[in-house]
Amino acid sequence: MSDFPAVDPLVQRFNARLAELNSPARVALTHLLSHADMLELRDDEQNFLEFIPATATPEMASIAFRLYARGLNRGVRSGEEAAWAKLRFLIGAAAAPSHF
């Protein structure tokens, strides 16, 4: 859940358009003065992902989120594949007869 309400009209319109695009992404205002001209791109659990320009369109934010999700899924899958390969190696090494 967001740690502050999205009462800003820009944020409300932006998030409504993201919902129309069937994107789980949302945006929120940032409290960081150094990023005052930015919005926070958040995932479906309201976790911060990245700053995006306040001038970005909801369509671009949706694309950015899809690219993030694709990269995350590929990273998770490659990590799982590496873990399974290591496990298969360890099981094979344990099953190999010892000549000592």
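Residues numbered from 1 in each chain as written. Predicted model: local features only at pLDDT ≥ 70, side-chain atom pairs only at ≥ 80, totals over all residues. Heavy atoms only, no water.

Visitor: Honestly, the nonpolar core in this entry has me stumped. Any pointers?
Guide: In summary, soluble globular proteins display a tendency toward joint burial of nonpolar side chains. If you look at the biggest cluster of nonpolar residues, it comprises 11 residues: Val11, Phe14, Leu18, Ala25, Val27, Leu39, Leu41, Leu49, Ile52, Ala61 and Phe65. Contributions of two or more residues to this core are made by α1 (9-20), β2 (38-42), β3 (48-53) and α2 (58-95). If you tally residues by element for this core, the top one is α1, at 3 residues. When sequence neighbours within four positions are dropped, the list of residues in contact with Phe14 reads Val27, Leu39, Ile52, Ala56, Thr57, Pro58 and Ala61. (Core = buried A, V, L, I, M, F, W, Y, C linked by side-chain atoms within 4.5 Å. Buried < 20%, exposed > 50% of the residue type's maximum accessible area, 1.4 Å probe, protein only. Helix = DSSP H or I, 4+ residues; strand = E, 2+ residues; numbered from the N terminus. Contact = heavy atoms within 4.5 Å.)

Visitor: Looking at this model, I keep getting lost on the environment of Leu21. Mind explaining?
Guide: When you line up the elements, Leu21 lands in the loop between α1 and β1 (26-29). A relative accessible area of 28% places Leu21 in the partly exposed class. A sequence separation of 41 residues divides Leu21 from Ser62, and the C-alpha atoms of the two residues are 7.6 Å apart. Dropping the residues within four chain positions of it, Leu21 is found in contact with Pro58, Glu59 and Ser62.

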